[in-house]
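Structural features, examined
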Amino acid sequence: LIARAFRHQFVVPDFLGFTKDIEEIYWKCKSNTDGKVASYIPQLARVNPDYWGVAVCTVDGQRFSIGDVHVPFTLQSCSKPLTYAVALEKLTQKVVHQYVGQEPSGRNFNELVLDHNKQPHNPMINAGAILVCSLLKTLVKPEITLAEKFDYTQNWFQKMAGGENFGFNNSVFLSEREAADRNYALGFYMREHKVFPEKTNLRECLDFYFQICSMETCADSMSVVAATLANGGICPITDEKVFRPEVVRDVLSLMHSCGMYDYSGQFAFKVGLPAKSGVCGGILLVVPNVAGIFTWSPPLDPCGNSVRGVQFCEELLQVFNFHRY
Ligand code: DON
């Protein structure tokens, strides 16, 4: 970082100007009080709707954040691209996509529906993410215990975040499991169609999925995860090679087409950047070769995306020409 600073080689040369614009958009979005926090479990329903934070990490490790960027929240569906990336890295694209497709479902994220092959449409919706969890559980290090598999996954997430901490929210986990009729239904429906690898224990696999959704972190750390994806799989903070570039390409492709629930098409059209949202109110936004951005604000629109987060991404594109096309 320091060497690049001396050589004036930053990818965002006027970082101060960049952050000023981001700050302006942040304040603009703050006054938007539309949307409702997720209410399917009490732990999410109780979250303060005023929380609003934006964190940025460039591919050369320059960082900026504003607002509630250190308040912990559970990852929820923002974990889906992360587990998918680990599965691709360890098992390869060929193996992973024997089990799950690459097509937007055009339906709700938890819809009881499989594609024409009777497989999950993609890894960014619940069915696909549960399937990816079964691959991680059954095919990656099958010899280790459930506890070790949890640590293993958490270590991967921490590596993507440049060593920053990932915690676990046990009451969210217990509530998720309690309120999981639809996810169980998806699991049984997939088992009926023999979607899972042999030897999958469905109950353990769903528990693993709920545990991953209940991992806890903050917007500041998630911006480093986004930056690792923006930087071809090399974490800009540690310079560690976390993923092969092909893995990152696959993850970003599916975030681009399927990452924003049933708003993915419009988001791809208007913003033109890969992103993944979660019911926690987070949006993981990747500007390839430039920066990773994470926005967090709990109130959601009817599609399930953070209202302030979507507004932020759309306003950002009014100021910066980040659209891929
Ligand atoms: O599976 C669920 O219902 C949640 N734990 C995850 C929800 C979420 O963020 C929706 N995503 N696609």
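Residues numbered from 1 in each chain as written. Predicted model: local features only at pLDDT ≥ 70, side-chain atom pairs only at ≥ 80, totals over all residues. Heavy atoms only, no water.

The description of two aromatic rings rests on the distance between their centres and on the angle between their planes. Inspection of every chain in the model, using the stated rule, returns 17 aromatic pairs. Geometrically, the ring pair formed by Phe18 and Phe320 is edge-to-face, given 5.1 Å between the ring centres and 65° between the ring planes. Within this pair, whereas Phe18 is found in helix H2 (residues 15–30), its partner Phe320 is found in the segment after helix H13 (307–319), the two being separated by 302 residues in sequence. In this structure Phe18 comes out as buried when scored by relative accessible area, which is 4%. On the basis of relative accessibility, which here comes to 17%, the residue Phe320 falls in the buried class. Ring pairing ties together the aromatic residues Phe15, Phe18, Phe320 and Phe322, which thus form one cluster. For the cation-ring pair, Lys159 lies above Trp156, with the distance from its terminal atom to the ring centre recorded as 4.1 Å. If you follow Lys276 out to its NZ or CZ, it ends over the ring of Tyr261, 4.6 Å from the centre. (Phe/Tyr/Trp six-rings, centres within 6.5 Å; stacked < 30°, edge-to-face > 60°. Helix = DSSP H or I, 4+ residues; strand = E, 2+ residues; numbered from the N terminus. Buried < 20%, exposed > 50% of the residue type's maximum accessible area, 1.4 Å probe, protein only. Lys NZ or Arg CZ within 6 Å of the ring centre and 35° of its normal.)

Spacing of three or four residues puts side chains on the same side of an α-helix, whose turn is 3.6 residues. Given a rise of 1.5 Å per residue, 16 residues ought to cover 22 Å, and the 22 Å separating the end C-alpha atoms of H2 matches this to within 8%. Listed as buried for H2 are Phe15, Phe18, Thr19, Ile22, Ile25, Tyr26 and Cys29. Projected down its long axis, H2 carries its buried residues within an arc of 120°, all on one side. Exposed residues lying more than 90 degrees from the buried face of H2 are Leu16, Lys20 and Glu24. (Expected span 1.5 Å × (residues − 1). Arc of directions from axis to C-beta.)

Moving on, we come to the pattern of salt bridges. Per the counting criterion, the structure on display carries 12 salt bridges. Of the charged contacts in the structure, one is a salt bridge between Glu315 and Lys28, with a shortest N-O distance of 2.9 Å. Here the residue Glu315 occupies a position in helix H13, and Lys28 occupies one in helix H2, the gap between them amounting to 287 residues. Look at Glu315 and you get buried, because its relative accessible area is 18%. Put simply, Arg63 and Glu164 hold a salt bridge, and the shortest N to O gap is 2.8 Å. Taken as a pair, Arg63 in strand S2 (residues 63–67) and Glu164 in the loop between helix H6 (146–160) and strand S4 (167–168) lie far apart in primary sequence, 101 residues in all. Given a relative accessible area of 30%, Arg63 falls into the partly exposed group. Connected through salt bridges with shared partners, the residues Arg63, Glu164 and Asp220 form a single ionic network. (Salt bridge = Lys/Arg side-chain N within 4 Å of Asp/Glu carboxyl O.)

So, on to the confidence of the model for the protein. Low-pLDDT stretches of the model should not have their predicted coordinates read in fine detail. Residue-level pLDDT values for the protein average 96, and 98% of them are 70 or greater. Scored as a complex, the prediction yields pTM 0.96 and ipTM 0.93. (pLDDT = per-residue confidence, 0-100.)

Here we take up the site of the ligand. Surveying the vicinity of the ligand reveals 13 residues, the closest of which are Gln76, Ser77, Glu176, Tyr209 and Val279. Measuring from a nitrogen atom of the ligand, one finds a side-chain N or O atom of Glu176 at 2.7 Å. Tyr261 has a polar side-chain atom sitting 3.3 Å from a nitrogen atom of the ligand. Computed on the free molecule, the ligand has an accessible area of 350 Å², of which 96% lies beneath the protein chains in the complex. The class makeup of the residues in the shell around the ligand is six nonpolar, five polar and two charged. (Near = heavy atom within 4 Å. Polar contact = N/O pair within 3.5 Å; in protein donor to acceptor, adjacent residues only side chain to side chain. Areas by Shrake-Rupley, 256 points an atom, 1.4 Å probe, with all protein chains shown as cover. Nonpolar A, V, L, I, M, F, W, Y, C, P; charged D, E, K, R; others polar.)

Okay, the sheet that holds S4 next. Read across the sheet, three strands follow the order S3-S5-S4 without closing on themselves; strand pairing throughout is antiparallel. Two strands bound the open sheet, and with one partner strand each, they are strand S3 (73–74) and S4. Note that S4 and strand S5 (residues 215–217) share two bridges and pair antiparallel. Each bridged residue has a counterpart across the sheet, and for Gly167 the counterpart in S5 is Glu216. (Pairing = 2+ DSSP bridges.)

What follows is about the packing of H6 against helix H9 (residues 202–213). Where H6 meets H9, the axes come as close as 11 Å, and the angle between the chain directions of the two elements is 35°. In the crossing of H6 with H9, the sense of the turn from one axis to the other is right-handed. Here Leu146, Lys149, Phe150, Thr153 and Phe157 of H6 lie close against H9, whose contacting residues are Glu204, Phe208, Gln211 and Ile212. In terms of residue class, the contact of H6 with H9 is built from five nonpolar, two polar and two charged. (Axes fitted to C-alpha atoms, helices over the stretch in contact; angles between N-to-C directions. Left-handed = near helix turned anticlockwise from the far one by under 90°. Contact = heavy atoms within 4.5 Å.)

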